[in-house]
Structure formats: structure tokens, C-alpha cells
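Residue-level structural notes
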2 protein chains.
Amino acid sequence: MKTLFSTFILGALFSQAVQAQDNDATMLDKIYTQSFYHGEAYDNLHYLTKTIGHRIAGSQKAEDAVVWSKSLMEKLPFDKVYLQDVQLPYWDRGKPEEAYVVGAKKQALNILALGGSVGTGSKGITAEVIEVELLSDLKKYGDAVRGKIVFVNKTWDESLVETGAAYGLNSGQRSRGPAEVAKLGGVAYLFRSLSSSSQDDYPHTGGTRYVNGIDSIPALAISALSATRLSEALKANPKAKVFLRNNSAWKGMVNSHNVIAEWRGTEKPDEIITIGGHIDSWDVGEGAHDNGTGTMGTLDAIRTLMKLGYKPKHTIRLVFYMNEENGVNGSMKYGEVALAKNEKIIAAIESDAGGFAPRGFDIKASAEKVQWIQKQWKPLFEERFWVSRFLQGSPGVDSGIWGAHFPNTVMFNFRPDPHRYFDIHHTAKDVFEAVDRRELQSGVAAIASLLYLVDQQAEQLH
Amino acid sequence: MKTLFSTFILGALFSQAVQAQDNDATMLDKIYTQSFYHGEAYDNLHYLTKTIGHRIAGSQKAEDAVVWSKSLMEKLPFDKVYLQDVQLPYWDRGKPEEAYVVGAKKQALNILALGGSVGTGSKGITAEVIEVELLSDLKKYGDAVRGKIVFVNKTWDESLVETGAAYGLNSGQRSRGPAEVAKLGGVAYLFRSLSSSSQDDYPHTGGTRYVNGIDSIPALAISALSATRLSEALKANPKAKVFLRNNSAWKGMVNSHNVIAEWRGTEKPDEIITIGGHIDSWDVGEGAHDNGTGTMGTLDAIRTLMKLGYKPKHTIRLVFYMNEENGVNGSMKYGEVALAKNEKIIAAIESDAGGFAPRGFDIKASAEKVQWIQKQWKPLFEERFWVSRFLQGSPGVDSGIWGAHFPNTVMFNFRPDPHRYFDIHHTAKDVFEAVDRRELQSGVAAIASLLYLVDQQAEQLH
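Residues numbered from 1 in each chain as written. Chains lettered and ligands numbered in written order. Predicted model: local features only at pLDDT ≥ 70, side-chain atom pairs only at ≥ 80, totals over all residues.

As for the overall build of chain A
The cut-off we apply is this: Only runs of H or I of at least four residues qualify as helices and only runs of E of at least two qualify as strands under DSSP, and these elements are numbered from the N terminus. Radius of gyration here is computed from C-alpha atoms only, and the compact-globule reference equals 2.2 Å multiplied by the residue count raised to the power 0.38. For every residue pair, C-beta atoms are placed from the backbone, and the pair is scored as a contact if these atoms sit within 7 Å.
Of the regular secondary structure elements, chain A holds 12 helices and 16 strands. Taking 462 residues into account, the globule formula puts the C-alpha radius of gyration at 23 Å, and chain A, at 24 Å, falls close to it. Each principal axis of the C-alpha atoms in chain A carries an extent, and together these give about 95 × 45 × 40 Å. If you take every contact in chain A between residues at least 6 apart in sequence, the share linking residues at least 24 apart comes to 82%.

Regarding the interface of chain A and chain B
Quick reminder of the rule: For this classification, Asp, Glu, Lys and Arg are treated as charged, while Ala, Val, Leu, Ile, Met, Phe, Trp, Tyr, Cys and Pro are nonpolar and the rest, including Gly, are polar.
Each partner contributes residues to the interface: chain A has 22 residues there, and chain B has 22 residues. Breaking the side of chain A that touches chain B down by element, the ones donating at least two residues are α1 (2-38), α9 (378-385) and α12 (437-457) of chain A. Per-element tally for the side of chain A that touches chain B: the top contributor is α1 of chain A, with four residues. Grouping the constituent residues of the side of chain A that touches chain B by class yields eight nonpolar, six polar and eight charged.

Section: the relation of the copies chain A and chain B
Here is the rule we go by: Only residues with pLDDT of at least 70 in both copies count here: their C-alpha atoms drive the least-squares fit that superposes the copies.
In the superposition of chain A on chain B (RMSD 0.0 Å, axial shift 0.0 Å), the rotation amounts to 180°. The symmetry that links the two subunits is that of a two-fold axis. Taking C-alpha positions as the reference, the residue of chain A nearest the rotation axis is S388 of chain A, at 3.7 Å.

Describing the packing of helix α2 (residues 41-52) of chain B against helix α3 (residues 60-74) of chain B
When two helices pack together, their arrangement is given by the angle between the helix axes and the distance between those axes. Residue and element names in this part refer to chain B. We apply this condition: Here, axes are lines fitted to C-alpha atoms. For helices the fit covers the stretch in contact, and angles between N-to-C directions go from 0 to 180 degrees. By the definition adopted for this analysis, an angle is roughly parallel if under 35 degrees, roughly antiparallel if over 145, roughly perpendicular if from 65 to 115, and oblique otherwise. Whether a crossing is left-handed or right-handed is set by the direction in which the near helix is turned from the far one by less than a right angle, anticlockwise for left-handed and clockwise for right-handed.
α3 packs onto α2 with a crossing angle of 155° between their chain directions and a minimal axis gap of 11 Å. Comparing their axes, α3 and α2 come out roughly antiparallel. Every pair of crossing elements has a handedness; the one defined by α2 and α3 is right-handed. Mapping the contact onto sequence places N44, L48 and I52 in α2 and K61, D64, A65, W68 and L72 in α3. Tallied by class, residues from the contact of α2 with α3 come to five nonpolar, one polar and two charged.

Notes on the nonpolar core
Let me state the cut-off plainly: In plain words, the nonpolar core is the set of buried Ala, Val, Leu, Ile, Met, Phe, Trp, Tyr and Cys residues that C-beta atoms within 7 Å link up. Any residue with 12 or fewer other C-beta atoms within 10 Å of its own C-beta is exposed, any with 20 or more is buried, and the rest are partly exposed; the C-beta atoms used are placed from the backbone.
Counting 256 residues, the largest nonpolar core has V150, L220 and L451 of chain A together with V150, L220 and L451 of chain B as its most contacted members. Setting aside residues up to four positions removed in sequence, L451 of chain A forms contacts with I273, I275, A301, L305, I316 and I349 of chain A.

Quick word on the domain arrangement of chain A
Residue and element names in this part refer to chain A. The cut-off we apply is this: Reported domain spans reflect what an automatic or database domain assignment gives.
When cut into domains, chain A gives domain 1 (26-91 + 252-461) and domain 2 (95-247). Measuring from the centre of the C-alpha atoms in domain 1 to the corresponding centre in domain 2 gives 33 Å. A total of three residues in the side of domain 1 that touches domain 2 trace back to one element, the largest contributor, which is helix α11 (residues 421-424). Of the residues in the side of domain 1 that touches domain 2, the class split is seven nonpolar, five polar and three charged.

Section: the confidence of the model for chain A
Keep this limit in mind: pLDDT is a per-residue confidence score from the predictor, ranging from 0 to 100.
Mean pLDDT over chain A: 95, with 96% of residues reaching 70 or higher. The ipTM assigned to the predicted complex is 0.94, against a pTM of 0.95.

Some remarks on α3 of chain B
Given 3.6 residues per turn, any residue in an α-helix points the same way as the ones three and four places further on. All names here are of chain B. Rule in force here: Expected helix span is computed as 1.5 Å times (number of residues minus one). The arc in question is traced by the directions running from the helix axis to the C-beta atoms.
Taking 1.5 Å as the rise per residue, α3 with 15 residues should run 21 Å; its terminal C-alpha atoms sit 21 Å apart, in good agreement. When α3 is considered as a whole, its buried residues turn out to be A62, A65, V66, S69, L72 and M73. One side of α3 holds all its buried residues, which, seen down the axis, span an arc of 130°. Pointing more than 90 degrees away from the buried face of α3 are the exposed residues Q60, V67, S71 and E74.

Observations regarding the sheet that holds strand β5 (residues 125-132) of chain A
All names here are of chain A. Note the cut-off: Any two strands with at least two DSSP bridges between them are considered paired.
The strand order across the open sheet formed by eight strands is β3-β2-β9-β5-β6-β7-β8-β4, and the pairing between neighbours is mixed. Whereas interior strands pair on both sides, the edge strands pair on one side only; in this sheet they are β3 (107-108) and β4 (111-113). Judged from the two bridges that link them, strand β2 (residues 98-101) and β3 form a sheet pairing that is antiparallel. In the strand pairing of β3, V101 is matched with Q107.

Remarks on the sheet that holds strand β11 (residues 268-278) of chain A
Residue and element names in this part refer to chain A. Spatial strand order, β1-β10-β12-β11-β13-β16-β14-β15: eight strands in an open sheet with mixed pairing. Pairing within the sheet leaves two strands with one partner each, and these edge strands are β1 (80-92) and β15 (389-392). For this sheet, the mean inter-axis angle between neighbouring strands, taken without regard to orientation, is 20°. Bridging between strand β14 (residues 358-364) and strand β16 (residues 410-416) involves six bridges; their strand directions are antiparallel. For I363, the partnering residue across the bridge sits in β16 and is F412.

Focus on the packing of helix α6 (residues 288-307) of chain A against α12 of chain A
Residues and elements named next belong to chain A. Axis separation between α6 and α12 bottoms out at 8 Å; the angle between their running directions is 55°. Considering the angle they form, α6 stands oblique to α12. Seen from above, α6 lies across α12 with right-handed handedness. In this structure, α6 contributes T293, G297, T298, D300, A301, T304 and L305 to the contact, and α12 contributes L440, G443, V444, I447, A448, L451 and Y452.

Given below as C-alpha cells:
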């Protein structure tokens, strides 16, 4: 009798589980259909990129993006839409940069100031160049660095499909370079762009940092092809001089905002799922893949669930962070406020890796939880929707920053296809035309599906 | 003693297996590095698309592609490079098509003749239009079809990530349409293009077929946007007439060729692995994704292994099939010859789904073999190279045709990302610029890796 009863109970539980899986599969079908047919991420991205354009934190365009984003959110049935004040330092590029190898015939070099770079002054800098692959190679030059331009010419590891890993291999030298070179008496820092193509003649900007107490020097990214040309010029004439001019500068602190919208949970309104990406961009291109797709995509993921009549169990909070690119002030502020309020943020989803075909999510969680997700959720995505990558990994930059205060929050980092991202990242090429509607809306559907599953089964993640 | 001995043997076998996995992983690393750094598929594709251009079977350009492909193969250490004669019917589009809704103000429609279509004659056809979603809807019109243009306006199922499946849902009506409409007395067949975007104003051509004994009628593809415009015009005025003009025609049989190269196996030279894709294209665009990437990609996959000093166990035979698009004559010929020689073709790999980021392979094999591949090979690709789709499925068109004679051959159909393929397929948009180098060479590496594994472990597949 006991055995029969147990069998009955087990059978009922099993049947419930199968029913839940069927319901989830049906919901995902609805989400994909809604997103492909009626998604608005692509149209919203068009407005953001073409009408507003690039929007570096602190600029008028960044504030335009804030105001417009808030109005977009207010059109949807959120329970609350508000701005969160963020103080941040505004950096301005100033006039276009100029660079060339000095000689009878000037050899032009394509450069872009790195974010935070000081200017050369209107007369520019003309100096000899020390080329190294690694900053650590500077040691052997000793005092010879003084008065020179240091040119770090480390090529990209093209063998990696995971271009994010290749980026990580080289990006440390972008951050550390200016301070290390200044310490040795160098007069400027020239850094080979973090581009996945050696045939790329666009310079790629990006953040760097200065260290208090060390003189700031101009820090500039040089395109991959220009780096190769410069290297050849230096082989032909090691005494060749390079002229550099930029007049970027820090302009002091300004007030800006995170844009936040809340969709109140019907069962556990005090438990929060944070989802979003950064609304600022670099001041070149249109900030399409970085990160127009991430903001317009996460907003559209929520809108997709709303249009399907979904009622979340937990509060879903959409956050457009300000200034991921040049100081992460928005994310720091979000974390401080959430910590001060002792909020219960049970999960986070971030999109900041482009709007290419969706491949999956990196997950910041224990190995056991990741295995559970692989077993329970991956089958819902894999064959039908071509989303199959659910691996333990790092959260996005913004989630990672505020997540320092919330070590138990399970975090999902959306991973679109990585092949093309670093061809256009932080360049004038990052424009609306580089985004494909089907790929973008497929990503919206993947994110909406994940958000649905997290909301439905959050208790299983903890 | 027995137990100890068994443990020892098992341990040795296990250690051998682990060693083999390590060797395979090392080989795949080398393949990817070689392909990304030194691959030539992209440069070869540039020549094929820009210097030769589109190349419909039977045309001079198709023969130019044959001669040039042979010369490419002859530069590599193949043991044998040769042409295989293929007789095929040559179809020529003639002058550009013209179409509009007749009225005070002509409303232009973007059309392309479907492959094999007869012409309207120089005066064109002007007739009323019957619009249906399905050919089977024609039944209810009875004799009213006589003298009319039949317009099949079935929209694309945008909810499917697997765009190939969406294509399959609608392509049958492209094939069957002309004969079914002619049988009912219709004077022309107008078919909504197989495009994955409803916002696409490019017509997509493609094959169709006529049935002996039924009068041929002109068969034309109309762009998605033009189809929508025409549908609206017919709603406004059901008696509206459409003018159509095309002067395409069959031009008789011509001699053409498959291009074949053999790399002789060192252990089992009589056992053959066939790999390749079709070298012909439609006569619009440049045949870049369809199928410049498939031919240049499979050639480069073999070249990659050659450059790494690999020696195949089995004979690897590269085949560039002629006329996949408009008659599959090349594949039929390949199969007839292989059958007549009683060849042992143990495996086939085909690439004919574009050069987008590689996702995996559809496999024509028993469920057990597919499971074995998922267990043994998928882990080599999945995390590191983002290739994870190894599912039971259909072979490519060419392998499928000749494979009818070789039911036991295990067949792999390369699957790149499907999101964008049917935006450009069979249109003027299928040009070199639509291909990304990293995505293409990533696919080359995936194909070379699979080829290596098939050659190394072919015995496990049978």
C-alpha cells in the first residue's frame, strides 16, 4: 500500500513536472512569436542611434537618451518609472585627433584619444617612439623612456572564437599604460587598438585610468593597420619621430541619471530581479551594438512579457545604467542605494555584448546551480531556438560592480555571437546598419524567455 | 590477480582514450589557429565573387569558375585533380523583367523570373489576378482561373529561428505552382518571394519545375513588399490588371563539369570521404553565401589540414558540384559514376547553407551514431569554439541526391547561423560584402575539424 501510494504521489509529481515543462515550452513559443512579429527593439534602436546618436556620459546627448528612455518606459504598464541621480566626471574629446610619422612625406596615422586622456596642447607632441609589445618590456629601456612616446603594439589573438577572452588578454595594458608610462617619464601613450582584425584601419577608443600623484599624459588608440605602418616606419628608421595632437580634457563633475522602471511582483514584490544594460556610449559611431541593443533589447524583453499578459511573481526592475564606459558611476550608485535600502535582489540579467545572434548566457552562480539550469532550462532553448550556451562565467560589468554588495545574487550575462563584436566595438563603425533585426529580436526573445523562467522558478536558484 | 590485471588493462585503455581526446583537442586548436591566421577562403571568395561573379550553370561564367577552381586545387598537393563531364540544360534570364499594376499611374512591382521559367513574349502578359495563399485554394475558383495570373501570397513564418524550416514550409508552392496553375488555364504564376523579412523589396529567384504534357507558363517571384503592395491594390480593385514581361528561356543542353580533387588516403585509400558544395549560383548577386562560401570553405578546410602536415587515412575527395540550383545534374552525375565504379564512400560533408558563424552539423545517420557523435565529438567543439549543434537531420541537397545510391554513407550538413541567410538567398544582395571573414574562417575551422575527426574515427561511425 505504501509502495502504491508512493508511486501514485511520485507519478503525480512527475506529471506536474512534465506539465510545467510543457507550459514553459508553450510560453517560449509565444515569446518568440511576439518578439519576431511585434518586437520594437529594432525600431527603438533606430531612434536611439539615428535621432539621438552617440551619447557619452555627461553630454547633452546622454541626457537626451535618459529623457527619451524614460518616456519609452512610461508608455508601458510599469508601476513606477524614475530617474536615479548619478554624479559623474564628464570627459570631452574636443577636436578630432591628428597623428603622423614626421618626415619629408607625412605618414598619417589613425588615432582616437582613449577615454579620460588629457590633451597634448594645441602644438601637439613631437617625439621619438619606443615600441614594445608589453609594458613590462619597458624595464630594459630604463631612463631612455624619458621624453619618448611609448607605443604598445601587441597584436590580437585571432585564434580565439571567444573574442571577449582575446579582448581580456590585451585590455589590461590599455588601462595601466598611461600611468606606467608617465611614471617612467614618457610623454604620450600610443596603444594598438583592441580590434579583432589586423586589417582594421579604425581606431578603437575605450577607458583607461590615471593614478593620483603621477603626471597625466595623453593616451591614444591607434588603428591596427596604422600600428603596423608605424612599426614598419620604426624598423626603417628607429629615430623616426611621431607627431600627436588631441585636445580632450576632463570637464568636471556633472549630474546625470540611471533610468529605472519597476514592474511590481504579484507574489513577492520585495524580491527583485534586476535587468538592463548601460545607456551611455562612447562618443564615436552611434553606440548601436554597444549598447543600444542591450538597452532597447532588455526593455523590449519586458514589453514582450507585458504584451502576452504575463504577471510577474517577483518585482522586475529595468535599469539603464549611466556611464559604464568611462567610470561605472551609474552602477556604483545603483549598488549603494540598493545596499542602503537592504534590498533583496534575487537575480540579475545584463545585456552588454552586442545584438548579434543569441548564443546563451554566462552565469555567475555555483557549479551546482549552473548544472541545474543546464538540465532544466537549456532543453527549452537548444534545438528550437538555437540558444545553447549556459556556462558558469562572469556577470556583465555593471552587474559585477553593484554585485559586489550582493554576492548571493544569481547573475546572467547575455551572450550573443562573439565573432563580429570586436570589429566594431568602440569605433565609428558601431552604427545601426551593423545590427540585423532578426538577430536582435531573437536575442530579445531569448532574454524574455530567461526572465520568465527566472521569475517562475527563482526559488530553485537559491 | 585477474582483477588487478583487468584494472591495469582498463586503466591503459582509459589512458589511451584520454590521450586520444587530448590529441584531438590539440589538433583542433592548431586547425583554428591556422584557419584564422592563414586561411584563404575569404580571399578566394573575393576572387570568385568579384572577378568571376554570379555563375549560373551552363553560362560562360560557370565555366570560368570551373577552370579557376581547378587551378586553385592544382596549387595544392592533391594527388589528382580532374573535371567530370556534366550535361545540363542551360536556362537564360534574358533581359530584366518588368511588372506593374495597370492603371492611370503604373505601380511598379519588383519581380525576378524563377529558374526554368519561359518568357511572356516581347509584348508581355496583361491579365487580371487571382490571389491565394495556397495553391489548394484555387479549387474554389474553378474555371475562373483560365486566362488569369495566379498570385500565391503566402507569408513567411517569422516565428521560426530555424529559417530553413520556414523556407521548407513555403518552397513546395514555388516548385509545384507553374504546372498546377497551367493545368487550370492560368497564364502566369506570380509567387511571393521566400524572404525571411516582410520588409524586403528584393525578389528572390529559385528553382521551379514544369511537368511534361502541361503547357509552360511564365513563373515569377515577386518581392515581399511588392506582394503586399499588389495585395492592397487587389483589395482596392479586384479587377485590377497586372502587366508582366520576361524573356527567359531554356537554351538547350550544354557540356559542363563537376570539379574534383583527391587526396589519397595512406591507410585505406579505397574508402572515400566526399566533401564539398556546389560551384554554380543563380544569375543575380554574386553567389557569395550561396555558395561561394561553401566551395571556398571546404577547399580551405582541406588546405588547412594539408598546411598542418596532416596525412589522411582515407581518401578525401573534394567535389564542386555543378548546377545544384537548376537541375542538380552535377550531383546526379557524381552519383552515377560512383555507383558504376562501386565506390566505397564512407562519409560525406556538404556546405551549402551560407558562411555565417558556424553552429554545427545536421547528421544523416542512426540515432545511436548521432548520440555517439554528441558524446565524443561535441565536447571538443562546444565551449571553446562555440559549435554545439550535432543533431540528426537531412544531408545537403547534392549529397542527398547522390546519396540515394549510398544509403549507408554517414552525411554531415554544415549549419551556420540561420538568422540572416534567407534575407539574401537567391537575390542581388548575395554579395561578398555580406560575408564576414572571421565567421567564414571559423566555419572553415569547424569543417576541417570535423573532417579530421571523421577521417581519424570513421570506423566508429559504422
